[in-house]
Amino acid sequence: GEIKIEKVAAAADIGQPINMKMVEAQLEGSIGQGIGCAVYEKFDRVNGMLMNCSFVGYKMPTAPEVPGTSNIQITSVGHPEPGGPFGGKALGEMGLIPFSACIGNAFANATGVRLKDAPLTRERVYMGLKAAGKGAK
């Protein structure tokens, strides 16, 4: 039931990149956050009480769960923005926004099983595969 993200390709329309290394670093960070949202991070509640309110119980991706920079491909697309400084646009956490949907689509493409609730934790993946007759018996 474990999902492992091995490679990521990201394209962002940021106008004219002013400092491409900073663009890459920003997108790599948001990819790490996206992996957390897509696969790990969730709040566990029992009768309204938060059960994982510390870093001991709240699962987040660590370095081994995030692809290394050699497995992340960043591409700047778009054209210089006339109204932006030096032709640039904002970047922010642009790589975070589509990540859960991308992981869900990749999982469905690989397995033929569509899971609709993020994060795609080991338990949810296992139960989804089992319900579809594709997991361990």
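Please read all numbers here as calculations on a predicted model, not as lab measurements.

K.L.:
Explanation requested: the overall build of the protein in the structure shown.
P.N.:
Helix and strand counts for the protein come out as three helices and four strands. Put simply, the protein runs from its N terminus to its C terminus through helices and strands in the order β-α-β-β-β-α-α. Overall size of the protein, expressed as C-alpha extent along the three principal axes, is 55 × 35 × 25 Å. Residues counted as buried form 31% of the 137 residues belonging to the protein. Expressed as a percentage of contacts within the protein between residues at least 6 apart in sequence, the contacts between residues at least 24 apart total 69%. Only carbon and sulfur atoms are counted for the fraction: they give 58% of the accessible area of the protein, which is about 8,900 Å². One way to put it: in the protein the 14 positive side-chain charges average out to a point 10 Å from where the 12 negative ones average out.

About the cut-offs
- Residues numbered from 1 in each chain as written.
- Predicted model: local features only at pLDDT ≥ 70, side-chain atom pairs only at ≥ 80, totals over all residues.
- Heavy atoms only, no water.
- Helix = DSSP H or I, 4+ residues; strand = E, 2+ residues; numbered from the N terminus.
- Buried < 20%, exposed > 50% of the residue type's maximum accessible area, 1.4 Å probe, protein only.
- Contact = heavy atoms within 4.5 Å.
- Areas by Shrake-Rupley, 256 points an atom, 1.4 Å probe, with all protein chains shown as cover.
- Lys, Arg positive; Asp, Glu negative; His and termini not counted.
- Charge placed at Lys NZ, Arg CZ, Asp CG, Glu CD.

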